[in-house]
Amino acid sequence: MGEPLLEVRGLTKSFGGLIATDRMDLDVTEGETHAVIGPNGAGKTTLLSQLSGDLRPDAGLIRFVGEDITHLGAPARSMRGLARSFQITSIFKDFTALDNVALAVQAHAGSSFRFWRPARRERALREPALEVLRTVGLAERSELMAANLAHGEQRQLEIAMALATRPRMLLLDEPVAGMGLDESQRMIRFLQSLKGRQTILLVEHDMDAVFALADRISVMVYGRIIASGRPEEVRVNPEVRQAYLGEDTLL
Amino acid sequence: MARSPRALTLAAGVLMLALVPVAAELLDQPFYVDLFRRIMIFAIAALSLDLILGYGGMVSFGHAAYLGIGAYAVGVLTHHGIANGYLQWSLAILGSALVALAIGAVSIRTSGVYFIMITLAFTQMLYYLGISIEEYGGDDGMRLAVRSQFPGLLDLRNATAFYYLVLGILLLFLLLGQRLVDARFGMVIRAARSNEPRARAIGFSPYRYKLTAFVISGAMCGLAGALLVNQTEYLTPEFMHWTRSGEIMFMVILGGIGTLMGPVLGAAVFLLLEDVLSAWTVHWQIILGPFLVLVVLFAKKGLIGLVPDEAAPGG
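Residues numbered from 1 in each chain as written. Chains lettered and ligands numbered in written order. Predicted model: local features only at pLDDT ≥ 70, side-chain atom pairs only at ≥ 80, totals over all residues. Heavy atoms only, no water.

*Asks:* Honestly, the sheet that holds strand E3 (residues 33–37) of chain A in this entry has me stumped. Any pointers?
*Replies:* Pairing between the strands of a sheet is mediated by backbone hydrogen bonds and can be parallel or antiparallel. Residue and element names in this part refer to chain A. Taken in spatial order, the 6 strands line up as E6-E7-E8-E3-E9-E10 in an open sheet, and their pairing is mixed. Looking at which strands have only one partner, the edges of the open sheet turn out to be strand E6 (82–85) and strand E10 (224–229). Strand-to-strand, the axes of this sheet are offset by a mean angle of 15 degrees, without reference to chain direction. Of the pairings in the sheet, the one linking strand E7 (residues 169–173) to strand E8 (residues 199–203) comprises 5 bridges and is parallel in character. Looking at E8, one finds that Leu172 is bridged to Leu202. Of the strands in this sheet, E6 and E7 touch helix H5 (residues 151–164), which is tilted by about 155 degrees from E7. (Pairing = 2+ DSSP bridges. Helix = DSSP H or I, 4+ residues; strand = E, 2+ residues; numbered from the N terminus. Axes fitted to C-alpha atoms, helices over the stretch in contact; angles between N-to-C directions. Contact = heavy atoms within 4.5 Å.)

Below, the structure written as structure tokens:
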């Protein structure tokens with residue numbers, strides 16, 4: 001195994017007195033599905049936002065494909081192959097599902113300073129977009145307004161947008177949050193189908209999803225990783241059991 | 001191919017506008033040429049605002065600034081003996097584009113109320129600048145000695161020729177605007193309006209697209225300013241008064257935000273109502289005000305929203 005695809009060193013972020021990320025180290029290897037779990041308020045979303053460039057860390061280093069990206073904004077990181085989904089579904093609601101994905105394709109298909117040709121008639125944008133919608137199972141819903149999709153479909157659409165940027169790594173913030181049992185099973189199956197082909201960093205609350213998907217698990221408590229390893233190692237780790245005591249007994 | 005009711009409305013509207021000079025001639029009412037030319041000039045201004053307001057979500061509450069710059073470009077050059085229209089109108093477009101670049105560069109970094117206040121503040125600055133320069137009439141303004149000269153092309157003193165020129169520019173801008181918002185460029189600013197964090201997450205840097213749209217919009221409105229001063233043959237800082245910015249925004253909202261055609265209709269309805277009501281009573285705004293409130297309350301997509309448009313998904 002070579003260098004990790006994503007390397008985090010000494011990452012620190014605080015909000016006033018609250019230290020959300022505390023000198024954190026994390027490695028994600030190419031091809032693995034890595035889950036970050038932790039109790040509520042452990043700082044998981046804050047971590048993801050720093051990785052995606054939506055939030056500036058106070059200190060520390062983020063290296064992606066060997067390049068220091070600590071000071072790059074979200075668009076530049078997307079260009080380098082990092083794609084994120086949000087905990088609270090974030091889509092272009094007043095566009096069709098196909099438009100949403102075509103926009104993601106467009107952002108990675110040359111200059112958008114083009115003023116004349118209708119973008120909705122560019123096959124180079126529409127066809128790859130439809131192809132991605134097909135893989136997530138939304139092809140029949142492509143002409144629907146994104147706002148009119150069911151919650152689970154909107155989450156699928158978000159993943160489709162991320163995939164349409166042809167990322168080297170997916171950052172997923174609770175992809176099955178708020179889903180019914182059927183929907184979440186479908187999403188888990190879909191993410192399983194990506195395994196091996198796609199490097200994924202997953203922040204998740206749902207332990208069924210985590211154990212179904214993760215090759216490695218890092219446990220985050222109060223902004224720090226207290227344990228990291230294969231699922232069966234983490235499951236029996238006494239520190240982890242301690243941290244989760246009283247929250248739930250899923251572990 | 002079946003045409004949507006809205007496309008038919010557009011065709012009917014263009015036909016009507018094209019026939020105004022003919023009708024005015026037949027009815028012996030040359031005043032209508034003047035009125036509808038004025039309507040079309042404000043339609044251009046409203047259309048330019050809609051590009052950034054309706055599609056880019058940028059609530060510019062200072063669009064009168066570009067009307068003023070366009071008007072001053074013409075007025076000032078004429079005052080110094082340069083009546084060449086090509087030169088004047090180029091300066092009007094370039095000058096307003098540059099000012100839009102400066103205002104946009106600052107304001108687009110903000111959003112919401114701050115964006116509104118910054119665009120308003122810049123326009124007020126320009127308004128007071130206009131008032132303070134005595135050379136160009138200061139507070140009172142000054143008469144435009146001659147209309148812009150286009151030797152060999154057309155004579156703006158000819159009311160009908162001037163009218164068709166304005167109609168031509170309006171139609172050109174409608175076409176350009178439609179191409180712009182449907183092209184890749186337009187999709188980016190619309191996406192950014194819809195959900196900016198999402199637009200950034202998929203790799204767009206919205207700032208430069210929004211700034212470019214802001215400059216294009218300012219330049220279009222600058223040309224409307226050059227037309228306006230030729231229309232009124234009088235240069236006054238009142239062109240830049242904040243109530244003027246408000247009126248342009250009203251036209252956009254009244255007609256239908258984010259539709260391009262709507263603002264044209266909005267300008268027509270607004271100015272026709274003003275014309276009719278002000279002949280009737282000096283307190284015409286007492287009637288216009290509630291009318292606007294009713295439209296905003298009951299026709300959320302503006303007057304054009306009452307005309308169905310099948311083929312228009314996406315914001």
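*Asks:* Got a minute to help me understand the interface of chain B and chain A in this structure?
*Replies:* In many reports, interface size means the accessible area that the parts give up when they come together. The interface of chain B with chain A comprises 31 residues on the first partner and 39 residues on the second. Buried surface at the junction of chain B and chain A, both sides included, amounts to about 3,000 Å², of which 60% is carbon and sulfur. Among the residues chain B hides against chain A, the three largest losses belong to Arg184, Arg198 and Ile202 of chain B. Together they make up 29% of the total. Where chain B touches chain A, the interface holds 3 salt bridges. Where chain B touches chain A, the interface holds 19 residue pairs in polar contact (both at pLDDT 80 or more). Taken together, the elements giving at least two residues each to the side of chain B that touches chain A come down to helix H6 (159–182), helix H7 (184–194), helix H8 (196–201) and helix H9 (206–232) of chain B. (Buried area = accessible area lost by both parts, 1.4 Å probe. Salt bridge = Lys/Arg side-chain N within 4 Å of Asp/Glu carboxyl O. Polar contact = N/O pair within 3.5 Å; in protein donor to acceptor, adjacent residues only side chain to side chain.)

*Asks:* Any chance you could explain the pattern of salt bridges here in plain terms?
*Replies:* Once the charged atoms of two side chains with opposite charge are near each other, the side chains can pair. Residues and elements named next belong to chain A. If you walk through the whole model with that rule in mind, you get 30 salt bridges over all chains. A salt bridge links Glu7 to Arg9, with the nearest nitrogen and oxygen atoms 3.5 Å apart. With a relative accessible area of 15%, Glu7 lands in the buried category. The exposure class assigned to Arg9 is partly exposed, which follows from its relative accessible area of 30%. (Buried < 20%, exposed > 50% of the residue type's maximum accessible area, 1.4 Å probe, protein only.)

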